[in-house]
Amino acid sequence: MGGRARVRHAEILSTPAGDSIGWKAVGSYYQQPIEMHNRPCVGGGDRTLPQEPIEKRNNEALPEFGGRRKMAAAERGWCLRELLRCFHSLFFPGLIVCGVLCVCLLIVLWGIRLLLQRKKKSGSASKTGKKQTVIAFFHPYCNAGGGGERVLWCALRALQKKYPEAVYVVYTGDADVSGQQILEGAFRRFNIRLTCPVKFVLLRKRYLVEDSLYPHFTLLGQSLGSIFLGWEALMHCVPDVYIDSMGYAFTLPLFKYLGGCRVGSYVHYPTISTDMLSVVKNQNVGFNNAAFITRNPFLSKVKLIYYYLFAFTYGLAGSCSDVVMVNSSWTLNHILSLWKAGNCTNVVYPPCDVQTFLDIPLHKEKTTSGHLLVSIGQFRPEKNHPLQIRAFAKLLNKKEAESLPPLKLVLIGGCRNQDDELRVNQLRRLSEDLGVQEDVEFKINIPFDELKNYLSEATVGLHTMWNEHFGIGIVECMAAGTIVLAHNSGGPKLDIVVPHQGERTGFLAESEEDYAETMAHILSMSAEKRLQIRNNARASVSRFSDQEFEVTFLMSVEKLFQ
């Protein structure tokens, strides 16, 4: 027993000073000082082992642990140095390669421009050898019967009057009709006949700008598709003056920098607007903002970033235009904020054949057998025709309607393609579901005389598009003496349905209930009160006439011919 005690005592005495219980093995885990018990020594004496200060113990680190940490730091530093060395070694070669590729691209583009210029010179020479100015309009849907097409034909007619010696070209994708049929359709629908011939250049790749081709990222897909479509147009004919009359802004730099053309644009509706950005930012459901995106904050932020990037590139493309014409104050505000081209931007109200409708007499109530409500506009999703049908159905269910004569709603518009025809069929089914199919009629691509007859008999003209850029159909209704009920936004609110000399010219609404109540209010008014509103509306539409359009349009595009 005495030998064991001596061995134990020797082990204790051999412990390094200040580590009598293996402090270094424990490390600095215990921050409180530890009292050492007096241990009996051989010979019966008490001995207290010395203890180092806490600060000294805390400052000591394990040799093995400190070594590993230093090794890891050294490895990280080595990796960082190697990464920087690799980046430095690749930066200048990469920069040189990018520069060479950019130079090659510029050479190729310059070569294409020279070839196109040569093609332009050979194509613009007349039979007498004298150079003729070639004026081209980019309007892939020129046979559609909407307000944009009326702008096209009135613009052509105005230019032909002033520059009869020029050559006029229209890029179109309407392959199912001939050029002569297109011109006859313009006369039949808009009562417009051109004085000079027009050359129609058929574009086979119009499907690239169809929205049905891009179920997702539609704006980006259609814009990229318009570039390819514009390239096809440029390969067929290189004009001297190029005017985009349908809103394909991404074709402008193509014709300006590769085709060497003087370019202008007539903007009916910006491809993207600050209102669209606010809809996505506020996570509101709309025809261009699906419900599943509004319910997901992450998807909403991703779409908002996508919209901002697209708006930036859209502004760059639009700023290439030498002349910018917009159709309303609402469009002007958005184009100025996106394109930053205020020095060359003008408001040119679209032409409305108001004189033809002003011939309709207003001295008596329009109908004695009932009230006719009409809607004029292409069957596109943004026109929101379902709102008209639902509001009309709600009107019929109101008690006020029981004391009114029979009511009928007629939707008049043009169908551009199968998607529009499918949309009409869906509207027919909606009428059946609401039980109003007997009181709702659809008139598609009707002649101008038939349109005029309907307006001459109508009591109320409906319009339901949110942020409509202008609204030619609204002006036509007002000129015909039809009381307008339009959406409280966009061009109708800012430019059209505004007081004339302090007097009411029409009504505005937003929701389904608003429309139903306002229709009931209009129909319950006395005939004398309605006649007063019709007269005020007629007096206010002279600023939208064909003659006024021709004057402002020619003044705006004069820069392109200098």
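- Taking an unreviewed UniProt entry as the reference, the protein chain is identified by name as GDP-Man:Man(3)GlcNAc(2)-PP-Dol alpha-1,2-mannosyltransferase belonging to Eschrichtius robustus.
- Under the Pathway (unreviewed entry) heading, UniProt states for the protein chain: "Protein modification; protein glycosylation."
- Taken verbatim from the UniProt record of the protein chain, the Sequence similarities (unreviewed entry) comment is "Belongs to the glycosyltransferase group 1 family. Glycosyltransferase 4 subfamily."

1. A closer look at the pattern of salt bridges
Pairing between side chains becomes possible if they bear opposite charge and their charged atoms approach one another.
Thought 1: As enumerated under the stated definition, the model contains 14 salt bridges in all.
Thought 2: Between Glu 550 and Lys 161 there is a salt bridge whose closest N-O contact spans 3.4 Å. In this pair, Glu 550 is assigned in helix α21 (residues 546–557) and Lys 161 in helix α5 (residues 147–162), connecting sequence segments 389 residues apart.
Thought 3: In this structure, Asp 174 engages Arg 206 in a salt bridge whose closest nitrogen and oxygen atoms are separated by 2.8 Å.

2. Some details on the packing of α5 against helix α6 (residues 179–190)
Thought 1: α6 packs onto α5 with a crossing angle of 110 degrees between their chain directions and a minimal axis gap of 11 Å. When the axes of α5 and α6 are compared, the pair comes out roughly perpendicular. Within the contact between the two elements, α5 uses Glu 149, Arg 150 and Trp 153 and α6 uses Ile 182, Leu 183, Ala 186 and Phe 190.
Thought 2: Class assignment for the residues of the contact of α5 with α6 results in 5 nonpolar, no polar and 2 charged.

3. Thoughts on the sheet that holds strand β3 (residues 134–138)
Consider a sheet: its strands pair through backbone hydrogen bonds, and that pairing is either parallel or antiparallel.
Thought 1: Across the sheet, 7 strands lie side by side as β5-β4-β3-β6-β7-β8-β9; this open sheet has parallel pairing. Both outer strands of the open sheet, β5 (199–202) and β9 (345–347), are each paired with one neighbouring strand and no more. Strand-to-strand, the axes of this sheet are offset by a mean angle of 20 degrees, without reference to chain direction.
Thought 2: In the sheet, strand β6 (residues 241–244) pairs with strand β7 (residues 262–267) via 4 bridges, with the strands oriented parallel. Counterpart to Asp 244 in the pairing with β7 is Ser 265.

4. A look at the UniProt feature "transmembrane region" (unreviewed entry) in the protein chain
Thought 1: Mapped onto this numbering, the UniProt entry gives "transmembrane region" (unreviewed entry) at residues 90–112 and 305–326.
Thought 2: The span residues 90–112 carries 100% helix and 0% strand; its end-to-end C-alpha distance comes to 33 Å.
Thought 3: Taken end to end, residues 305–326 has its terminal C-alpha atoms 27 Å apart, with 64% of it in helix and 18% in strand.

5. A few points about empty space enclosed by the protein
Thought 1: Evaluated as defined, the whole model comprises 4 cavities of 30 Å³ or more.
Thought 2: Counted as a void, the second largest cavity has a volume near 50 Å³.
Thought 3: Ser 375, Ile 376, Gly 461, Leu 462, His 463, Gly 473, Ile 474, Cys 477 and Val 484 are the residues that line the second largest cavity.
Thought 4: Within the residue set of the lining of the second largest cavity, elements represented by two or more residues are β10 (371–376), β13 (460–462) and α17 (472–480).
Thought 5: Residue composition of the lining of the second largest cavity, grouped by class: 5 nonpolar, 4 polar and no charged.

6. Overview of helix α19 (residues 512–524)
Thought 1: Taking 1.5 Å of rise per residue, 13 residues should cover 18 Å, and α19 covers 19 Å from first to last C-alpha, within 8% of that figure.
Thought 2: Among all positions in α19, only Tyr 515, Ala 516, Thr 518, Met 519, Ala 520, Ile 522 and Leu 523 are buried.

7. So, α17
Thought 1: Summarising burial for α17: 9 of the 9 residues are buried, a large majority.
Thought 2: Inspection of α17 places Ile 472, Gly 473, Ile 474, Val 475, Glu 476, Cys 477, Met 478, Ala 479 and Ala 480 among the buried residues, and these make up the whole buried set.
Thought 3: Looking one or two residues beyond α17, the residue adopting positive phi is Gly 481, at roughly 95 degrees.

8. Some details on the environment of Gln 378
Thought 1: Residue placement: Gln 378 occurs in the loop between β10 and α14 (385–397).
Thought 2: The class of Gln 378 is buried, set by a relative accessible area of 8%.
Thought 3: Put simply, Gln 378 and Gly 473 are 95 residues apart on the chain and 9.9 Å apart in space, counted from C-alpha to C-alpha.
Thought 4: Ignoring anything within four residues of it in the chain, the contact list for Gln 378 reads Ala 144, Gly 145, Gly 146, Glu 149, Lys 383, His 385, Gly 414 and Arg 416.

9. A few points about the sheet that holds strand β14 (residues 483–487)
Thought 1: With parallel pairing, the 6 strands of this open sheet are ordered in space as β12-β11-β10-β13-β14-β15. Looking at the sheet topology across the chains shown, the edges are occupied by β12 (440–444) and β15 (507–509). For this sheet the average axis-to-axis angle between neighbouring strands, irrespective of direction, equals 25 degrees.
Thought 2: Here 3 bridges tie β13 to β14, and the two strands are oriented parallel to one another. Across the sheet, the residue bridging to Gly 461 is Val 484, located in β14.
Thought 3: Where helix α16 (residues 448–457) meets the sheet, it contacts β10, β11 (407–413) and β12, and its direction lies at approximately 135 degrees from that of β10.

10. Examining a nonpolar patch on the surface
Thought 1: Nonpolar side chains collect at one region of the surface, where Phe 87, Phe 91, Phe 92 and Leu 95 lie side by side and expose about 430 Å² of accessible area between them.
Thought 2: By the element assignment, Phe 87 lies in helix α4 (residues 63–123).

11. Remarks on the confidence of the model for the protein chain
Low pLDDT means the predicted atomic positions in that stretch should not be read closely.
Thought 1: Averaged over all residues, the pLDDT of the protein chain equals 83, while 83% of them reach at least 70.
Thought 2: Predicted confidence for residues 4–49 stays below pLDDT 50, and this span has 40 contacts to residues more than four positions away or in other chains.
Thought 3: A low-confidence stretch, residues 54–62 stays under pLDDT 50, and its non-local contacts, those more than four residues away or across chains, total 12 contacts.

12. A word on the packing of α14 against helix α15 (residues 418–434)
Thought 1: Close contact between α14 and α15 brings their axes to 10 Å; oriented N to C, the two are set at 20 degrees. What the angle tells us is that α14 and α15 run roughly parallel. The chirality of how α14 crosses α15 is right-handed. When α14 is examined against α15, the residues His 385, Pro 386, Ile 389, Arg 390 and Ala 393 are found in contact with a partner set consisting of Leu 427, Leu 430, Ser 431 and Leu 434.
Thought 2: A breakdown of the residues in the contact of α14 with α15 according to their chemical character gives 6 nonpolar, 2 polar and 1 charged.

13. Section: unusual backbone geometry
Negative phi is the rule for most residues except glycine; trans is the rule for most peptide bonds.
Thought 1: For Phe 217, which is not glycine, the phi dihedral falls at a positive 50 degrees.
Thought 2: Tracing the backbone shows Phe 217 in the loop between β5 and α7 (218–236).
Thought 3: Look at Asn 445: it is not a glycine, yet its phi comes out positive at around 50 degrees.
Thought 4: Relative to the assigned elements, Asn 445 resides in the loop between β12 and α16.

14. Looking at the packing of aromatic side chains
Thought 1: Considering all chains together, one arrives at 20 aromatic pairs under this definition.
Thought 2: Pairing Phe 138 with Tyr 171 gives two aromatic rings, centres 6.1 Å apart and planes at 55 degrees, and the pair type is tilted. Of this pair, Phe 138 sits in strand β3 while Tyr 171 sits in strand β4 (residues 167–172), and the two are 33 residues apart along the sequence. Take Phe 138 and Tyr 171: they sit in the same class, and that class is buried.
Thought 3: Measuring from ring centre to ring centre gives 4.4 Å for Tyr 163 and Phe 561, while their planes differ by 15 degrees; the resulting arrangement is stacked. In this pair, Tyr 163 is assigned in the loop between α5 and β4 and Phe 561 in the segment after α21, connecting sequence segments 398 residues apart.
Thought 4: For Tyr 163, a relative accessible area of 16% corresponds to the buried category.
Thought 5: An aromatic cluster is built from Phe 138, Tyr 171, Tyr 242, Tyr 248 and Phe 255, whose rings are joined through pairwise contacts.
Thought 6: Here the guanidinium or amino end of Arg 193 rests over the ring plane of Phe 187, the centre of that ring lying 3.9 Å away.

Rules used in this analysis
- Residues numbered from 1 in each chain as written.
- Predicted model: local features only at pLDDT ≥ 70, side-chain atom pairs only at ≥ 80, totals over all residues.
- Heavy atoms only, no water.
- UniProt positions renumbered as here; feature names shortened; annotations may be inferred.
- Salt bridge = Lys/Arg side-chain N within 4 Å of Asp/Glu carboxyl O.
- Helix = DSSP H or I, 4+ residues; strand = E, 2+ residues; numbered from the N terminus.
- Axes fitted to C-alpha atoms, helices over the stretch in contact; angles between N-to-C directions.
- Parallel < 35°, antiparallel > 145°, perpendicular 65-115°, else oblique.
- Contact = heavy atoms within 4.5 Å.
- Nonpolar A, V, L, I, M, F, W, Y, C, P; charged D, E, K, R; others polar.
- Pairing = 2+ DSSP bridges.
- 1 Å grid on protein atoms, 1.4 Å probe; cavity = no way out; pocket = protein on both sides within 12 Å on 5 of 7 lines; lining within 4 Å.
- Points joined across faces, edges and corners; volume = space filled by probe spheres on them.
- Expected span 1.5 Å × (residues − 1).
- Buried < 20%, exposed > 50% of the residue type's maximum accessible area, 1.4 Å probe, protein only.
- Patch = residues over 30% accessible without salt bridge, like charges linked within 9 Å, V, L, I, M, F, W, Y side chains within 5 Å.
- Areas by Shrake-Rupley, 256 points an atom, 1.4 Å probe, with all protein chains shown as cover.
- pLDDT = per-residue confidence, 0-100.
- Left-handed = near helix turned anticlockwise from the far one by under 90°.
- Phe/Tyr/Trp six-rings, centres within 6.5 Å; stacked < 30°, edge-to-face > 60°.
- Lys NZ or Arg CZ within 6 Å of the ring centre and 35° of its normal.

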